[in-house]
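Summary of the model geometry
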Amino acid sequence: MHSHAYNTLDPVVEARVAELLGRMTLDEKIGQLNQVSPMMYVPPAPGADREAPPTFAPVPGVEEQVAAGAIGSIFNVADAAVVNRFQRAAVTGARLGIPLIVGGDVIHGFRTTFPIPLALSCSWNAELVAQTARVAAEEASAVGIDWIFAPMIDIARDPRWGRIAEGAGEDVCLGSVMAAAQVRGFQAADLGTGRRVAACPKHFVAYGAAEAGRDYSAADISEVTLREIYLPPFKAAFDAGAGSTMSAFNDIGGVPASGNRLTLTQVLREEWGWPGLVVSDYESVRELIPHGVAEDLKDAARQGLTTGVDMDMVSRAYSTHLRALVEEGRVAPAAVDEAVRRVLRLKFALGLFENPYVDEDRQAAFQLTETSLALALQAARESMVLLKNDGGLLPLTPGAQRLVVIGALAESRLDALGCWAFFGRAEDAVTITEGLRAHLDGAGPSFVPGYALPGSTTIDLDAAVAAASVADVVVLVVGETQDLSGEAHSRAFLGLPGRQQELVDAVAATGKPLIVVVMTGRPLVIPRLEQQATALLVAWHSGLRAGQAVADLLFGVASPVGRLTASWPRAEGQIPVYYAHKSTGRPAGGDGTTQFVEHFRSTYLDLPNTPLFPFGYGLTYTAFDYTDLKIAAEVVGPDGAVSVSVRVTNTGARAGLEVVQLYVRDLVGSLTRPVRELKAFARVELAAGETRVVSFAVPVSDLAFVGVDQKWRVEPGAFRLWVGPDAAHGLEAGFVVRS
Ligand code: BGC
């Protein structure tokens, strides 16, 4: 995919920026740093249809302020005519005619809603993920969105945090691959609209480290962790061409991310030399006040701008106070100029000065295309993860068993869409029952809601049990509605919401084989359900074609290929549980240290440390065997690569796709190292009985970590290496890096 890059300086653009900047007044400059949402969300009336699209009302006065040159950017307007109206005010009304840059939260598709990003990452398929981003950019740019507030690339190791849904899970290596793929897709050079789109990777930075999984809460992490876990996906996104980022809400070790000199200036500018634009998150500059580091909005404006936030989203701190701060000598004019330069740079690079308006006819003629829906189907199929399949119950043969579908989520269109499908429409979604019916020539399956949405607090056990009793197999669809994950939607209990577990218990008591389909925006805590299920498929919230994908997988028209990208805990008390944890001085698997009469180890008295399902885990409809792990040279130099090969055989009777995963452990470091770290993976499709030798060459430079001096280094010494199907298994070998 050929993509545009906005992460470098172009001399032609720089000359245009300098020329324009030279003609701007201080107020015009401040206007460029002011981002406003011209439409406000109108909450639905009580009792309104939950599947009705959201409604928005205009905020008065915005057009006039645009015409006065007081606003540089608007966002979340999904209407070409409205965008053009504001753009006309900027281009023909304001003295210098600087076009607006129009932002939008296009997190997992625009009208073609794709699986939530957490689900998509389970495909481990970067090319597919890039394609979904490209389609999203094409559809969004058709209504005039030039700047997509995505990808969300916050590493997340706490499933209580509702925004785990928006990212690629717990791992730095996979997260970086997915970050770069989405940037490439959003910034694709061949959009049919003829317009360009810029990605805005977010939230800079460490937002996913929210204490206790509560949204917006502190990230009290070390600088080493910041650099080693949370920053790399951003570096990957910038290296892939991203020219903007969004500063986060959280504080990092006491310094809010939207007033943080270390991350915004030292890392971005001085260490990485990145010339991109930093926009604050929604009012995150004003929020320096409740954080308790700014006295008032003026102080917040000063801190935001001087630490490195170029554009102020919504809080109007800059538009209200920057002029006075400059006049009082508390903000240097050069700092304002630098921020404006970054805004103009992106506007020029996107071609907005030449092409400010969007073609309204294109929006009027918009239709979901077969190609984008086919991609939505593929994405949904590849995102779903099969966690259990006792006795090979799946795949089913259409018509061979009497099926009953139980669970209101099976008929919910809205909940198929997911937490951030602002621009998607429930009416476009295929439900699970519709998907199944399509395979059964319209003959069934029978359906019983079992519980009422939303809330799932009302259940109908009798109807469910009666239906299950006359079926051969029950498809039980349970999980979260789409409004239980996403921003400001953290949960403390991660079991099935409402009374769904009671329903499961009653249906399980019939003794019928249970195919449990879990729709969810996060890893859940479902040890009891896992025991009760004969087969367990995680369908997530997988977009417009979720229902069809579930049916295709259950009937074996497609085979499961997804692998988890975030661990599923056994209990909330284990959280955070992630595979790349540290060893401790008294490791769980070791002898511990005998103190008094006991072996003291880093364990729980009442649960194993391991998750219910580890990172990387997922079943297929076949089985794979690993043999002959070989390392070409057991001693490698600092500039070399570790060359590894393994034989993978499909030992089952069906074709299948294995995600071969390579992990390492640095045995002795100057700082403690994770017990395993993913360094490479390969998706390998094998016919029944087929064997393939899979090879990897891991550059020694990829074994680097951040030392006490905050610098990346590879330390010579012994390493262990595993190649296998997930983070808990694999063939093992060792190698040495020499100095
Ligand atoms: C979210 C961002 C989003 C922004 C604009 C904020 O509340 O944290 O992810 O891009 O709103 O809608």
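Small disclaimer: the values here were computed from a predicted structure and weren't measured.

Bringing the overall build of the protein into the picture now. Each helix and strand counted, the protein has 22 helices and 31 strands in total. For 739 residues, the compact-globule estimate of 2.2 N^0.38 gives 27 Å, and the protein sits close to it at 26 Å. Along the longest, intermediate and shortest principal axes, the C-alpha atoms of the protein span 75 × 65 × 50 Å. Within the protein, buried positions represent 59% of all 739 residues. Carbon and sulfur atoms make up 52% of the accessible area of the protein, which totals about 26,700 Å². Taken as two groups, the 62 positive and 83 negative side-chain charges of the protein have centres that lie 3 Å from each other.

Along strand β18 (residues 514-519), six of the six residues are buried, which leaves the element largely enclosed by surrounding structure. With burial as the criterion, each face of β18 is covered, one bearing Leu-514, Val-516 and Val-518 and the other bearing Ile-515, Val-517 and Met-519. By the bridge criterion, six bridges tie strand β17 (residues 473-479) to β18 in an arrangement that is parallel. When the bridges of β18 are listed, Leu-476 appears paired with Val-516. The handedness of the β17 to β18 crossover, carried by helix α20 (residues 500-508), is right-handed. By the bridge criterion, four bridges tie β18 to strand β19 (residues 535-538) in an arrangement that is parallel. What sits directly across from Val-517, in β19, is Leu-537.

In this section: the packing of helix α6 (residues 126-141) against helix α7 (residues 172-186). Two elements in contact, α6 and α7, have axes whose closest approach is 7 Å; the angle formed by their N-to-C orientations is 35°. Relative to α7, α6 is oriented so that their crossing is right-handed. Where α6 abuts α7, its residues Ala-126, Val-129, Ala-130, Ala-133, Arg-134, Ala-136 and Ala-137 lie against Val-177, Met-178, Ala-181, Gln-182, Gly-185 and Phe-186. Counted by class, the contact of α6 with α7 contains 10 nonpolar, two polar and one charged residues.

Looking now at the sheet that holds strand β4 (residues 73-75). In spatial order, the strands read β7-β6-β5-β4-β1-β13; together these six strands make up an open sheet with parallel pairing. With one partner strand each, in any of the chains shown, β7 (198-199) and β13 (312-313) form the two edges of the open sheet. The pairing of strand β6 (residues 147-148) with β7 spans two bridges and is parallel. What sits directly across from Trp-147, in β7, is Ala-198.

Along its sequence, the protein is organised into domain 1 (11-40 + 60-355), domain 2 (371-554) and domain 3 (624-737). The partner domain 2 presents 36 residues to the 39 residues of domain 1 that form the contact. Between domain 1 and domain 2 we count two salt bridges in total. Elements with a contribution of two residues or more to the side of domain 1 that touches domain 2: α5 (117-121) and α6. A per-element tally of the side of domain 1 that touches domain 2 places α6 first, with five residues. Looking at the side of domain 1 that touches domain 2, its residues break down into 21 nonpolar, 10 polar and eight charged.

Turning next to helix α22 (residues 546-554). Of all nine residues that make up α22, eight are buried, and the element is covered over most of its length. Where α22 is buried, its residues meet α16 (370-383), α17 (414-417), α18 (432-439), β17, β18 and β19. Downstream of α22 by one or two residues, Gly-556 has phi in the positive range, about 75°.

Thresholds, definitions, all that
Residues numbered from 1 in each chain as written. Predicted model: local features only at pLDDT ≥ 70, side-chain atom pairs only at ≥ 80, totals over all residues. Heavy atoms only, no water. Helix = DSSP H or I, 4+ residues; strand = E, 2+ residues; numbered from the N terminus. Rg over C-alpha atoms; globule rule 2.2 N^0.38 Å. Buried < 20%, exposed > 50% of the residue type's maximum accessible area, 1.4 Å probe, protein only. Areas by Shrake-Rupley, 256 points an atom, 1.4 Å probe, with all protein chains shown as cover. Lys, Arg positive; Asp, Glu negative; His and termini not counted. Charge placed at Lys NZ, Arg CZ, Asp CG, Glu CD. Pairing = 2+ DSSP bridges. Right-handed = clockwise from strand over helix to strand, strands pointing away. Axes fitted to C-alpha atoms, helices over the stretch in contact; angles between N-to-C directions. Left-handed = near helix turned anticlockwise from the far one by under 90°. Contact = heavy atoms within 4.5 Å. Nonpolar A, V, L, I, M, F, W, Y, C, P; charged D, E, K, R; others polar. Domains from an automatic or database assignment. Salt bridge = Lys/Arg side-chain N within 4 Å of Asp/Glu carboxyl O.

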